[in-house]
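These are the residues of each chain, in order.
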Amino acid sequence: MDVRRRPLKVDDEVNKEKLPTSPTPKASDALPLPLYLTNAIFFTLFFSVAYYLLHRWREKIRNSTPLHVVTLSEIAAIVSLIASFIYLLGFFGIDFVQSFISRATPEAWDLEEDDSDIISRPPAPISITTLSSAQDEDVVQSVIDGSIPSYALESKLGDCRRAAAIRREALQKMTGRSLQGLPLDGFDYDSILGQCCEMPVGYVQIPVGIAGPLLLDGFEYSVPMATTEGCLVASTNRGCKAIYASGGAASMLLRDGMTRAPIVRFASAMRASELKFFLEDPNNFETLAVVFNRSSRFARLQHIQCSIAGKNLYIRFCCTTGDAMGMNMVSKGVQNVLDFLQNDFPDMDVIGISGNFCSDKKPAAVNWIEGRGKSVVCEATIKEEVVTKVLKTNVATLVELNTLKNLAGSAVAGALGGFNAHAANIVSAIFIATGQDPAQNVESSHCITMMEAINDGKDLHISVTMPSIEVGTVGGGTQLASQSACLNLLGVKGASKESPGSNSRLLATIVAGSVLAGELSLMAAIAAGQLVKSHMKYNRSSKDICKAAS
């Protein structure tokens, strides 16, 4: 029978203390006397008989009496000594032993021992794994002893949720650490099988806030942001308000192309140079494009860029990928070309499909200069009265701060693509909400923020230029229910049937527009001296956690 613990309803929580509860049985319950009294008796008995026997044996030695000749009282003392020793060895401090017994039960997993840490944190939702049968317990034991690999549970059981529960239970037993607070139920584990996450044991909850409406290119967008940083959504929302009140922002897509750069090696630099010239020859591009484009009906090779280092050649392929972010698509196309090149260059040694000249998930000048994914510029003119009333500062102060902070300050720091206030904050929040690859925030957050006083210094012109926004609306995490809902909110869910690639391009411009709003609001807060005050208000809870929990 499938036995699961039902969640407490509101009435259940109110009357929880009224319900009769059976205390956890202890080993000390089997003793006829209280534990402290039993310990005292055997403790006294042990030392008393030990002293008596030592005293008797000393007298026998003095009187030359054989030690093996014992009286009835000495026999009783020896028996008492052995009995008290066994008790003290096995049962003394029985409450200490009981604490370890309790830790091994599913209801009392070891949490943090620091009470102050427990009090300082809000109560997390309790998720207790309840296995459905004795068979599941056997599977857990098989995972623990290694006879069933943890990664093979889904294929062996044919039930993704059950596999996650068994893996979770085995993990808790092997580590002695609790996963209470990490939810298990309420998630579709079938949806991530083979595409999003391996060996799941639960899922992490991240709140999603809405900033907006963002008025961009004449359309309004409510921007979902998944974050745990207080003040971020509120700040971006204020920026959206300022942009809306000033007539909106405008954006332009400059480039659209995902890259992959394999590394190949030859016996000599001369031979590597020959391949470089072959790949860069315009007469060969059409043939290479045909070979590359076989990988997908959406992949279209745009150009090839080569860089040589001795005998090693780095080949950077760039192609459009429709509405997908496109890493897998471009990799398949690259493999087709490499196989084709082996015919004319049989001495070519393919070292790796990626040689970091791409460059993926790492800050790199090639992305900052050449772009990767979608390159977008977004601008807005903020009216003087909006700067004063909404942003609580003035145009001259904002322009000076941007020059000294985002431009000069970033140059002093030796920044690479980081000539902005906090573009990564907005990019990460939107990426997580819409199912993008969070690690690609590294290059997607490359941004330069420019501010200039216009109209005789009355109004503010602000722009963000982002050369490598890597987003997609199909594939990966975009297919999960929550992330798909956020994409749907923006009107870019799935692939565009009318114009392939238009949904991902629109998403990139929305990211840039949101970054524009976030930059505007944060810079205004710094200029007005409100940054610390706002974070103390929105990023630090003053609630009594104990009272909130009760």
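Rules of the game
Residues numbered from 1 in each chain as written. Predicted model: local features only at pLDDT ≥ 70, side-chain atom pairs only at ≥ 80, totals over all residues. Heavy atoms only, no water. 1 Å grid on protein atoms, 1.4 Å probe; cavity = no way out; pocket = protein on both sides within 12 Å on 5 of 7 lines; lining within 4 Å. Points joined across faces, edges and corners; volume = space filled by probe spheres on them. Helix = DSSP H or I, 4+ residues; strand = E, 2+ residues; numbered from the N terminus. Salt bridge = Lys/Arg side-chain N within 4 Å of Asp/Glu carboxyl O. Buried < 20%, exposed > 50% of the residue type's maximum accessible area, 1.4 Å probe, protein only. Axes fitted to C-alpha atoms, helices over the stretch in contact; angles between N-to-C directions. Parallel < 35°, antiparallel > 145°, perpendicular 65-115°, else oblique. Left-handed = near helix turned anticlockwise from the far one by under 90°. Contact = heavy atoms within 4.5 Å. Nonpolar A, V, L, I, M, F, W, Y, C, P; charged D, E, K, R; others polar. Core = buried A, V, L, I, M, F, W, Y, C linked by side-chain atoms within 4.5 Å. Expected span 1.5 Å × (residues − 1). Pairing = 2+ DSSP bridges. pLDDT = per-residue confidence, 0-100. Polar contact = N/O pair within 3.5 Å; in protein donor to acceptor, adjacent residues only side chain to side chain. Phe/Tyr/Trp six-rings, centres within 6.5 Å; stacked < 30°, edge-to-face > 60°.

### Details of the layout of surface pockets
Which parts of space are left empty comes out when a probe the size of a water molecule is rolled across the atoms.
Right, on to step 1. When its volume is computed, the second largest pocket comes out at roughly 1,300 Å³.
Right, on to step 2. As for the second largest pocket, its lining consists of 46 residues, and the residues nearest its centre are Cys196, Gly435, Gly477, Leu480 and Gln483.
Right, on to step 3. Of all the elements in the fold, those that place two or more residues in the lining of the second largest pocket are helix H12 (327-344), helix H16 (423-434) and helix H18 (481-490).
Right, on to step 4. In terms of residue count, the dominant contributor to the lining of the second largest pocket is H18 (4 residues).

### Considering the pattern of salt bridges
Right, on to step 1. Summed over all chains, the structure comprises 16 salt bridges.
Right, on to step 2. Arg162 is paired through a salt bridge with Asp136; the nearest N and O atoms lie 2.6 Å apart. With Arg162 in helix H8 (residues 160-175) and Asp136 in helix H6 (residues 134-145), the pair connects residues that are 26 residues apart, well separated along the chain.
Right, on to step 3. Overall, the relative accessible area of 2% leaves Asp136 in the buried class.
Right, on to step 4. The network of salt bridges with common partners includes Asp360, Arg372, Glu443 and Glu470.

### A closer look at the packing of H6 against H8
Right, on to step 1. Here H6 crosses H8 at 55°, and the two axes come no closer than 9 Å. The angle between H6 and H8 places the two elements in the oblique class. The crossing of H6 and H8 is right-handed. For the pair formed by H6 and H8, the contact residues are Gln135, Asp136, Glu137, Val139, Val140, Val143 and Ile144 on the first element and Arg162, Ile166, Glu169, Ala170, Lys173 and Met174 on the second.
Right, on to step 2. Considering only residue class, the contact of H6 with H8 consists of 7 nonpolar, 1 polar and 5 charged.

### A short note on the nonpolar core
Right, on to step 1. With 54 residues, the main nonpolar core has Met225, Ile382, Leu460 and Val515 as its most contacted residues.
Right, on to step 2. Ignoring anything within four residues of it in the chain, the contact list for Val515 reads Ala423, Ile426, Val427, Cys447, Val464 and Met466.
Right, on to step 3. With 28 residues, the next largest nonpolar core counts Met258, Leu301, Phe345 and Met348 among its residues.

### What about the packing of H16 against helix H19 (residues 502-527)?
Right, on to step 1. Running from amino to carboxyl end, H16 crosses H19 at an angle of 135°, the nearest separation of the two axes being 9 Å. When the interaxial angle is binned, H16 and H19 end up oblique. Once H16 is placed against H19, the crossing between them reads as right-handed. Taking contact as the criterion, the partners of Ala423, Ile426, Val427 and Ile430 in H16 are, on H19, Val511, Ser514, Val515, Gly518 and Glu519.
Right, on to step 2. Split by residue class, the contact of H16 with H19 holds 6 nonpolar, 2 polar and 1 charged.

### Description of helix H10 (residues 269-280)
Right, on to step 1. Compared with an ideal rise of 1.5 Å per residue, which puts 12 residues at 16 Å, H10 spans 16 Å between its outermost C-alpha atoms and is within 8% of the ideal.
Right, on to step 2. Elements in contact with the buried residues of H10: strand S4 (263-265), helix H11 (282-293), strand S5 (300-309), strand S6 (312-320) and H12.

### Concerning the pairing of strand S10 (residues 447-454)
Right, on to step 1. As paired strands, strand S9 (residues 418-419) and S10 are joined by 2 bridges and run parallel to one another. From the neighbouring strand, Phe419 faces S10, where its bridge partner is Ile448.
Right, on to step 2. Note that S10 and strand S11 (residues 459-469) share 7 bridges and pair antiparallel. Considered in S11, the bridge of Glu452 is made with His461.
Right, on to step 3. The turn joining S10 and S11, which pair antiparallel and follow one another in sequence, is formed by 4 residues; a positive phi near 55° is taken by Asn455.

### Here's the deal with the confidence of the model for the protein
Right, on to step 1. Residues of the protein with pLDDT of at least 70 account for 83%, and the chain-wide mean is 86.
Right, on to step 2. Below a pLDDT of 50 lies the segment residues 1-24, which in the model reaches 13 contacts outside its immediate sequence neighbourhood of four places, other chains included.
Right, on to step 3. The low-confidence segment residues 97-128, where pLDDT is below 50, has 42 contacts with residues more than four positions distant or belonging to other chains.

### Notes on the environment of Glu379
Right, on to step 1. Following the sequence through the fold, Glu379 ends up in strand S8 (residues 373-382).
Right, on to step 2. Residue Glu379 is classed as partly exposed on the basis of its relative accessible area of 38%.
Right, on to step 3. Expressed as a C-alpha distance, the spacing of Glu379 and Ala512, which sit 133 residues apart in the sequence, is 9.3 Å.
Right, on to step 4. With sequence-adjacent residues up to four places away left out, Glu379 is seen in contact with Ala249, Ala250, His461, Ile462, Ser463 and Leu516.
Right, on to step 5. In terms of polar contacts, Glu379 uses its side chain to reach the side chain of His461, at 2.8 Å.

### Observations regarding unusual backbone geometry
Right, on to step 1. In the segment running from Gly212 into Pro213, the intervening peptide bond is cis, with an omega of 10°.
Right, on to step 2. You can see Pro213 is positioned in strand S1 (residues 208-216).
Right, on to step 3. The residue after Cys358, namely Ser359, is reached through a cis peptide bond having omega -5°.
Right, on to step 4. Along the chain, Ser359 falls in the loop between strand S7 (349-352) and helix H13 (365-370).
Right, on to step 5. With a phi close to 60°, Asp456 is a non-glycine residue in the positive phi region.
Right, on to step 6. By secondary structure assignment, the location of Asp456 is in the loop between S10 and S11.
Right, on to step 7. Given the relative accessible area of 80%, Asp456 is considered exposed.

### With respect to the packing of aromatic side chains
Right, on to step 1. Within this structure, the stated rule accounts for 8 aromatic pairs.
Right, on to step 2. Judged by centre distance (5.1 Å) and plane angle (65°), the ring pair of Phe187 and Tyr189 falls under edge-to-face.
Right, on to step 3. When the centroid spacing of 5.3 Å and the interplanar angle of 25° are considered together, the rings of Phe187 and Tyr203 count as stacked. On the criterion of sequence distance, the pair formed by Phe187 in the loop between H8 and S1 and Tyr203 in the loop between H8 and S1 is long-range, its members being 16 residues apart.
Right, on to step 4. Judged by its relative accessible area of 29%, Phe187 is partly exposed.
Right, on to step 5. Three or more aromatic residues joined by ring pairs form one cluster here, namely Phe46, Phe47 and Phe85.

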